[in-house]
Amino acid sequence: MAKYNRNDMALVNVGNNIRKYRKLNRLTIVELEYKTNIHQKSLWAYETAKTSVSITNLYIIAEALNVQAYELLMPYEENVTQ
């Protein structure tokens, strides 16, 4: 199993949280693209931890998912599902 450094884990947490809240809102990645005006390839890259999310996009995504931005930054395993 590959070891992650702190920055890698932060990317993974954010990506997992975006996916979790997107699914809780019953949105496809295309629907989230429409709501945020962020290309689906970028959203996919965020969800899969291929790239980091800018603070601006983090707030845009959080608003579209009806959560606070800090909730997307929380460690994934500590989040409480709705």
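In this text, all values refer to a predicted model and were calculated from it rather than measured experimentally. Residue numbers restart at each chain and count upward from 1, following the sequence in its written direction. Local features are withheld for residues below a pLDDT of 70 in this predicted model, meaning they are given only at 70 or higher, and side-chain atom pairs are given and counted only at 80 or more; totals for whole chains, interfaces and linings count all residues. The side-chain figures draw on all heavy atoms in the structure; neither hydrogens nor water molecules are used.

Asks: Can you tell me about the pattern of salt bridges, naming the residues and giving the values?
Replies: Note on pairing: side chains with opposite charge can pair once their charged atoms come close. Just to be clear on terms, a salt bridge is a Lys or Arg side-chain nitrogen sitting within 4 Å of an Asp or Glu carboxyl oxygen. A complete count under the given rule lists two salt bridges for this structure. The shortest N-O distance in the salt bridge between Glu47 and Arg19 comes to 3.5 Å. Separated by 28 residues along the polypeptide, Glu47 in helix α3 (residues 40-47) and Arg19 in helix α1 (residues 6-24) bring together distant segments of the chain. The shortest N-O distance in the salt bridge between Arg22 and Glu47 comes to 2.6 Å. Within this pair, whereas Arg22 is found in helix α1, its partner Glu47 is found in helix α3, the two being separated by 25 residues in sequence. Between buried and exposed lies partly exposed: a residue is buried under 20% and exposed over 50% of the maximum accessible area for its type, with that area taken using a 1.4 Å probe on protein chains only. Note on Glu47: relative accessible area 5%, which makes it buried. Members of the salt-bridge network, linked through shared partners, are Arg19, Arg22 and Glu47. Secondary structure elements are defined from DSSP: runs of H or I of at least 4 residues count as helices, runs of E of at least 2 residues count as strands, and each element is numbered from the N terminus.

Asks: Please set out the packing of helix α2 (residues 29-36) against α3 residue by residue, giving values where relevant.
Replies: To get an axis, fit a line to the C-alpha atoms, keeping to the stretch in contact for a helix; angles then go from 0 to 180 degrees between the N-to-C directions. It is at 9 Å that the axes of α2 and α3 come closest, and there the two elements cross at 115°. Considering their axes alone, α2 and α3 lie roughly perpendicular with respect to each other. With respect to the hand of their crossing, α2 and α3 are arranged in right-handed fashion. Facing Ile29, Val30, Leu32, Glu33 and Thr36 of α2, the residues of α3 in contact are Gln40, Leu43, Trp44 and Glu47. Here the residues of the contact of α2 with α3 are counted per class, giving five nonpolar, two polar and two charged. Every angle not falling under 35 degrees, over 145, or within 65 to 115 is termed oblique; those three ranges are roughly parallel, roughly antiparallel and roughly perpendicular. For any pair of crossing helices, the crossing counts as left-handed if the nearer helix is rotated counterclockwise from the farther one by less than a right angle, and right-handed if it is rotated clockwise. Any two residues whose heavy atoms approach within 4.5 Å at even a single point are treated as in contact. Classes in brief: Ala, Val, Leu, Ile, Met, Phe, Trp, Tyr, Cys and Pro nonpolar; Asp, Glu, Lys and Arg charged; the others, Gly included, polar.

Asks: Mind laying out the nonpolar core, listing which residues take part and the relevant values?
Replies: Membership of the largest hydrophobic core comes to 18 residues, with the highest contact counts inside it found for Ile18, Ile61, Leu65 and Leu72. When residues of this core are traced back to their parent elements, those giving at least two are α1, α2, α3, α4 (55-64) and α5 (69-73). Looking at this core, the element that brings in the most residues is α4, giving four residues. Residues belong to one nonpolar core when they are buried, are Ala, Val, Leu, Ile, Met, Phe, Trp, Tyr or Cys, and are joined through side-chain atoms within 4.5 Å.

Asks: Give a detailed account of the side chain of Arg22, specifying residues and quantitative values.
Replies: According to the relative accessible area criterion, Arg22 is buried, its value standing at 9%. With residues near it in sequence (within four places) discarded, Arg22 still touches Leu27, Thr28, Ile29, Leu32, Glu47 and Leu65.

Asks: Summarise α3; cite the residues concerned and give the values.
Replies: Every buried residue of α3 is listed here: Leu43, Ala45, Tyr46 and Glu47. Downstream of α3 by one or two residues, Ala49 has phi in the positive range, about 60°.

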